[in-house]
Each structure stands twice: as C-alpha cells, then as structure tokens.
Amino acid sequence: DAGVIQSPRHEVTEMGQEVTLRCKPISGHDYLFWYRQTMMRGLELLIYFNNNVPIDDSGMPEDRFSAKMPNASFSTLKIQPSEPRDSAVYFCASSPLEEDEQYFGPGTRLTVT
Amino acid sequence: LAKTTQPISMDSYEGQEVNITCSHNNIATNDYITWYQQFPSQGPRFIIQGYKTKVTNEVASLFIPADRKSSTLSLPRVSLSDTAVYYCLVDTGTYKYIFGTGTRLKVLA
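Note that residues are indexed from 1 along each chain, following the sequence as it is written. Going through the entries in the order they are written, you letter the chains from A and number the ligands from 1. Restriction of local features to residues with pLDDT of at least 70 applies here, the model being predicted, together with a cutoff of 80 or more for giving and counting side-chain atom pairs; totals for whole chains, interfaces and linings are based on all residues. Note that water and hydrogens are dropped before the side-chain values are worked out from all heavy atoms of the structure.

Draft legend 1. Quick look at the overall build of chain B. In DSSP terms, a helix is any run of H or I states spanning at least four residues, a strand is any run of E spanning at least two, and both are numbered starting from the N terminus. In terms of helices and strands, chain B carries 0 helices and 10 strands. Across chain B, helices and strands are ordered from the amino to the carboxyl terminus as β-β-β-β-β-β-β-β-β-β. The C-alpha radius of gyration of chain B comes to 13 Å, within 12% of the 13 Å expected for a compact globule of 109 residues. For chain B, the C-alpha atoms occupy an extent of roughly 40 × 30 × 20 Å along the three principal directions. Looking at chain B as a whole, 49% of its 109 residues qualify as buried. Between two residues, a contact is recorded if the distance between any of their heavy atoms is within 4.5 Å. Sequence-distant contacts, at least 24 apart, represent 55% of the contacts inside chain B between residues at least 6 apart. The method behind every accessible area is Shrake-Rupley, applied with a 1.4 Å probe, and residues are considered shielded solely by the protein chains displayed. When the accessible surface of chain B is split by element, carbon and sulfur atoms take 50% of a total near 5,600 Å². With the radius of gyration taken over C-alpha atoms, the globule rule is written as 2.2 Å times the number of residues to the power 0.38. Exposed residues in this analysis have more than 50% of their type's maximum accessible area, buried residues have under 20%, and partly exposed residues fall in between, with area computed by a 1.4 Å probe over protein chains only.

Next up, the structure:
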C-alpha cells in the first residue's frame, strides 16, 4: 500500500485566496483525520471522519475552514479566504478503527503571504 | 483547554536507555495512551499504545501507573537514528486526540 497520500506537498498562496488540500487515506481505513501543526500550537486535531461522515469538527478554527469526504478514498480541506496565520503543515491521517494507530501522510506545507 | 505536558527536550548518548514522561491529568477513563515519533518534514509515526500497566513491543516499552495520569515511554539502547520528536496522544473525554507538547530527543555519539 502506498500509505496516506496528500497533495500538494507545498502550497504558497496570497492572502484572500482559496486553498484546497487533498488526502487519499489507506484503503480499508474507516477513520480519517485532519491535523494542523505549527510551532506555537503543536499538533492540533481539526476534524475527523468515520465512514465518510464528520464526527467531530470542534477543532476547525473558524468558518473559513471546511472539510469534506465525498467517498472512502478522498477528502479535502478547504480554506477560503486564506490568511497568513493559516500558514502551517497540514497532516491527514487514517486508521482502521477509532483507537487504532493512525497512519499519517507526509503533510502539506502551506504558506500564506 | 485540557492538555498534556512533556519535557521540551532531552539529550542522551548512544546505547543508553531514554525515558520520556507525559502528564495527562484529564485522561478519559476508557481510552488508550499512544506515542508517536516524528522526524523533520515527515508525519508522526506510531510507536506504541497502552491502556494500563506495561506494554512492550520490539522498539519500546510503555509504563502507565494505576491512576493513568501520566505515562512513560522507554526507549532501550538508543541510537543516532532515534533523534526525533516524541509525542504522547490521549483522549480527555471532552477533547479527543490531544497531542502532547512533544519532546525533542537528541542522541549523541
């Protein structure tokens, strides 16, 4: 298995632009997680899905952030409009069951200027 | 916001045993404690998971006291390649999937 796939690996955009991050989880994994990592706040859970249904989105910072999982093999995290404080590394992870180990993707490094 | 705390950094020499402790006072009653390792420019990678007492696998041991308010990751005989950041992950009941602040381990030759 190729593991969790994220794209793009790097994204540089200007403030106010829309940003879409993509994730392909490991096949057969029922849980998908989106995290954000910054120096100041560390690793933070943004949202997670079970069988394509959002379970907990309390970590989504504000309405500018939205996440979807239209099918078991694809998820997106969208920021509209983007702001410089959104600059971070965004990780997607998946796991077979809720308490199982999570398999992380390589991350997307987002820079908003 | 409930959180977990870990030492910011640790240094060790090759061949030594390293113990990293995570404090999680608000851990949920029925949830596991998980530890991850992260190298620069990579996503975290699973090391070990436990619920209580002691768990051991091929790379580490995890010690959890009876009150479960802390946990200690033990890395036996570390090598240079173990230089990384180590995170604990817990569920506090109110907040799920809370990563610790991370401990930056540097292994010296």
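Draft legend 2. Structural context of the state of the cysteines. All names here are of chain A. Throughout, disulfides are identified as pairs of cysteine sulfur atoms within 2.5 Å of each other. Going through the model one piece at a time under the given rule, you end up with 2 disulfides over all chains. Here Cys 23 connects covalently by a disulfide to Cys 92, the sulfurs 1.9 Å from one another. What sets the handedness of the Cys 23 and Cys 92 disulfide is the S-S torsion sign, and at about -65° it is left-handed. Of this pair, Cys 23 sits in strand β3 (residues 19-24) while Cys 92 is found in strand β9 (residues 88-95), placing the two residues 69 residues apart along the sequence. Judged on exposure class, the residue Cys 23 and its partner Cys 92 are both buried.

Draft legend 3. How the structure looks around the side chain of Asp 82 of chain B. Residue and element names in this part refer to chain B. Within the secondary structure, Asp 82 is located in the loop between β7 (70-75) and β8 (84-90). Charged-residue counts in this description rest on Lys and Arg as positive and Asp and Glu as negative, His and the chain ends being excluded. By salt bridge we mean one thing: a side-chain nitrogen of Lys or Arg within 4 Å of a carboxyl oxygen of Asp or Glu. No salt bridge is formed by the buried Asp 82; its nearest oppositely charged neighbour, Arg 45, is found at 6.8 Å. Polar contact is defined as a pair of N or O atoms within 3.5 Å, subject to the rule that within protein one atom must be able to donate a hydrogen and the other to accept it, and that residues adjacent in sequence are counted only when both atoms are side-chain atoms. Within the structure, Asp 82 has its side chain in polar contact with the backbone nitrogen of Ser 79 (distance 2.8 Å). Beyond its immediate chain neighbours, meaning those up to four positions away, Asp 82 contacts Gln 37, Leu 105 and Val 107.

Draft legend 4. Region of interest: the pattern of salt bridges. A complete count under the given rule lists 8 salt bridges over all chains for this structure. Because the salt bridges share partners, they merge into one network encompassing Glu 62, Arg 64, Glu 83, Arg 85 and Asp 86 of chain A.

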